[in-house]
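Analysis of the macromolecular model
These are the residues of each chain, in order.
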2 protein chains.
Amino acid sequence: MNTIKVLQFGLGPIGVRSARLAAGRGNMELVAAVDIDPGKIGKDVGELDGGGNLGVAVTDDVARALVELKPDVALHTTSSRFDAVWPQLEALAGGGCSVVSSTEEMLFPRLKHADLCDEVDALAQEKGVVLLGTGVNPGFVMDTLALVMTAVCYEVEKVHVDRRVDAGTRRLPLQQKVGAGISVEEFAERKSRKAIGHVGLPESMALLAHGLNWPIDEMEEGLEPKVAPRDIRTEYLEVRKGRVAGIHNTGRVISGGRERITLDLQMYAGCEDPHDFVKLTSTPPIETRINTGVAGDLATAAMLVNMACRAVEVARINPGLRLMTDMTLPRLAG
Amino acid sequence: MNTIKVLQFGLGPIGVRSARLAAGRGNMELVAAVDIDPGKIGKDVGELDGGGNLGVAVTDDVARALVELKPDVALHTTSSRFDAVWPQLEALAGGGCSVVSSTEEMLFPRLKHADLCDEVDALAQEKGVVLLGTGVNPGFVMDTLALVMTAVCYEVEKVHVDRRVDAGTRRLPLQQKVGAGISVEEFAERKSRKAIGHVGLPESMALLAHGLNWPIDEMEEGLEPKVAPRDIRTEYLEVRKGRVAGIHNTGRVISGGRERITLDLQMYAGCEDPHDFVKLTSTPPIETRINTGVAGDLATAAMLVNMACRAVEVARINPGLRLMTDMTLPRLAG
């Protein structure tokens, strides 16, 4: 197998991790790293996490990187919205580079941006590249893994996935993102301007429904604060009893008049039994539990890098705007 | 999507189940059923399990069925050995029909029949069909599922899979197959002529190693009787204390001088905690447990039918002798 040339696009915490991981893989070479932050341009990527230089300087000139370095695939970690990242995807795909992106809406872009998808798909096919959205959630535990578990079923009446994350053991930005420590009123205010909550639950549900060939009659999403039942102290902050410990996001899909998909995501400080749990109401019935759950920060970078190998493979046989359901078997690809 | 035309090849218990399942799927049509047993030829497939006629009469004339009915895919359930089924595969592929087979060795045919594989692959590519071996074990719990779990990992040092099956709750032939009720001496005798034990552990290990790109230095397989610690009574038979309750099969792969894959399969009457368990020694560490395990009989037929949809899909973009790692995402395909 040829070495896969990788461009890292976006150098936030996840992007630096995926860049470093790609650089360390025997079958990959990190050839370029792109960010628009003037404070990062010109530095070695490895300076950004202090983990040792990687021999690649950050640039903001994507076009030049594409022409001069001819990357096979970009690891794309910039923003959650598909329409917002489309110009970036267009530049990458237009330059003949496949893209594996953590953009949450890109897990199932037709859900909210159907108008854009035909254009994106046509460009990707013309250029012989794959464009794929993935990650851990959305991208794995609440969608792809649940789909894989249905492979051994005669029939499936319902898919339910629980994910419980102890935000208290995660980095400070995540604790802040789920609102740990704020008041219930502040939570309501943030919710009203869509400034809190997990992004991607609708896309996970849409991927599940698509993969199982279930028409969606209705899709609902809910968000409530997870209120601290007692004082909780994390490494970084304290949550007083009665204040917000985190989020409780729910989703459900009605198909053919019945509730067939339910997702339940709780991310909060003080969660005592973190886990992922897939329950299929099916023949045979299937219950799968991942003890302690899949840790998001590390695993999202890993998923991007691992799926990059699949994207390069699928680009040769079935280029286009693709979904996790179109990929060859997801797995570690070292 | 067009209706997928299905030929059932082999009408043992699993084959009749997969035929019935395919006949009931909205996106499939059972068009033909093939067996060599004179006692079955001419009967409606549905007579074989008494579950109601399916409108398809059993025939032994494969060639005619292929020409007249033009099936897209065959569900193939005849024998465990790849070289033994090759003439059947050749007839099917030669007639332009993809094959999804429960032939255990076909999960990774290059392990024991590398010489044959180039020829098979060339024919499949020429005819634009996919030939795939799959099932529950081998095919899912001890290989494919474990691979999928590695997708969220930075690195994986070791893969371990436990499977515990309570043979006592399964049909009589399975209880007999694992030796429930025989003496330890009889077990040793059967083992010496390779007449007992699970078929497919080496293939599962080979698929894991292939999927993870781990060279195999050494592969070992072990088989011991699981001796009844007390009297055990099942619906069909009794196992006295000290006699054989079932099998304990183990496998391990040494790669790069280290033990990197271990499989532990126990199928016996009286197993009190049946389950499947995938443990990755990895970053992040991952432990996945399927409560009660995936029941083999139902699930094998389901896996064949579900993967038939994937085989038809992959035949259009990447025909050939293929592995589970080459398939688009395994899932229920109703």
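Bear in mind the structure is a predicted one, so any value in this text is a computation, not a measurement. (Residues numbered from 1 in each chain as written. Chains lettered and ligands numbered in written order. Predicted model: local features only at pLDDT ≥ 70, side-chain atom pairs only at ≥ 80, totals over all residues.)

**Describing the nonpolar core**
In this structure, A308 of chain A together with A308 of chain B are the most contacted members of the largest nonpolar core, which totals 230 residues. Sequence-distant contacts of A308 of chain A, defined by excluding residues within four places in its chain, comprise I4, V6, V73, L75 and V100 of chain A. (Core = buried A, V, L, I, M, F, W, Y, C linked by C-beta atoms within 7 Å. Buried ≥ 20, exposed ≤ 12 C-beta atoms within 10 Å, placed from the backbone. Contact = placed C-beta atoms within 7 Å.)

**Description of helix 8 (residues 201–212) of chain A**
All names here are of chain A. The end-to-end C-alpha distance of helix 8, which contains twelve residues, comes to 17 Å, matching closely the 16 Å that a straight helix rising 1.5 Å per residue would cover. Here helix 8 lies mainly inside the structure; eleven of its twelve residues are buried. All of the buried residues along helix 8 are L201, P202, E203, S204, M205, A206, L207, L208, A209, G211 and L212. Those residues of helix 8 hidden inside the fold are in contact with helix 4 (110–127), helix 5 (144–149), strand 7 (155–166), strand 8 (218–227), strand 11 (244–255) and strand 12 (258–268). Phi turns positive, to about 65°, at N213, one or two residues after helix 8. (Helix = DSSP H or I, 4+ residues; strand = E, 2+ residues; numbered from the N terminus. Expected span 1.5 Å × (residues − 1).)

**Notes on the relation of the copies chain A and chain B**
With an axial shift of 0.0 Å and an RMSD of 0.0 Å, the rotation relating chain A to chain B amounts to 180°. Taken together, the rotation and translation relating the two chain copies correspond to the operation of a two-fold axis. It is T328 of chain A whose C-alpha, among those of chain A, lies nearest the rotation axis, at 2.3 Å. Interface overlap between copies is the fraction of interface residues in one copy that are interface residues in the other; for chain A against chain B it reaches 100%, indicating a shared surface. (Least-squares fit on C-alpha atoms with pLDDT ≥ 70 in both.)

**Points about the domain arrangement of chain A**
Where interface size is quoted, it is often the accessible area lost as the parts come together. Residues and elements named next belong to chain A. Domain boundaries in chain A define domain 1 (4–135 + 298–326) and domain 2 (144–293). Residue-level contacts link nine residues of domain 1 with eleven residues of domain 2. Residue classes in the side of domain 1 that touches domain 2 are distributed as five nonpolar, two polar and two charged. (Domains from an automatic or database assignment. Nonpolar A, V, L, I, M, F, W, Y, C, P; charged D, E, K, R; others polar.)

**Observations concerning the sheet that holds strand 12 of chain A**
Spatial ordering of the open sheet is given by 8(A)-11(A)-12(A)-7(A)-13(A)-14(A)-14(B)-13(B)-7(B)-12(B)-11(B)-8(B), a layout of twelve strands whose pairing is mixed. Of all the strands in the sheet, just strand 8 of chain A together with strand 8 (218–227) of chain B have a single pairing partner and so form its edges. Neighbouring strand axes in the sheet, compared pairwise and without regard to direction, differ in orientation by 10° on average. Sheet analysis places strand 13 (residues 275–283) of chain A next to strand 14 (residues 286–291) of chain A, joined by six bridges and oriented antiparallel. Directly across from K279 of chain A, in strand 14 of chain A, lies its bridge partner E287 of chain A. (Pairing = 2+ DSSP bridges. Axes fitted to C-alpha atoms, helices over the stretch in contact; angles between N-to-C directions.)

**A few points about the interface of chain A and chain B**
Counting from both sides, the interface comprises 44 residues of chain A and, opposite them, 44 residues of chain B. When residues of the side of chain A that touches chain B are traced back to their parent elements, those giving at least two are helix 5, strand 7, helix 8, strand 14 and helix 9 (296–317) of chain A. Of the residues assigned to the side of chain A that touches chain B, the class counts are 27 nonpolar, twelve polar and five charged. Sheet analysis places strand 14 of chain A next to strand 14 (residues 286–291) of chain B, joined by three bridges and oriented antiparallel.

**Things to note about the environment of D118 of chain B**
When you line up the elements, D118 of chain B lands in helix 4 (residues 110–127). A sequence separation of 76 residues divides D118 of chain B from K194 of chain B, and the C-alpha atoms of the two residues are 28 Å apart.

**Some details on unusual backbone geometry**
At the junction of T283 of chain A and P284 of chain A, the peptide bond is cis and its omega measures out at -10° in the coordinates. The phi angle at N213 of chain B is positive, at roughly 65°, despite the residue not being glycine. Summarising the element assignment, N213 of chain B is placed in the loop between helix 8 (201–212) and strand 8. With 15 C-beta atoms packed within 10 Å, N213 of chain B lands in the partly exposed category. A positive phi angle is found at T292 of chain B, which is not glycine, with a value near 65°. On the secondary structure map, T292 of chain B appears in the loop between strand 14 and helix 9 (296–317).

**A look at the environment of E186 of chain A**
Positionally, E186 of chain A belongs in helix 7 (residues 184–192). On a C-alpha basis, the gap between E186 of chain A and R243 of chain A in space is 9.8 Å, while along the polypeptide they are 57 residues apart.

**Describing the packing of helix 1 (residues 13–24) of chain B against helix 9 of chain B**
All names here are of chain B. Axis separation between helix 1 and helix 9 bottoms out at 9 Å; the angle between their running directions is 50°. If you check the angle between helix 1 and helix 9, you find them oblique. As helix 1 runs across helix 9, the sense of the crossing is right-handed. Contact with helix 1, carried on its side by I14, R17, S18, L21 and A22, involves T300, A301, A302, L304 and V305 of helix 9 and no other residues of that element. (Parallel < 35°, antiparallel > 145°, perpendicular 65-115°, else oblique. Left-handed = near helix turned anticlockwise from the far one by under 90°.)

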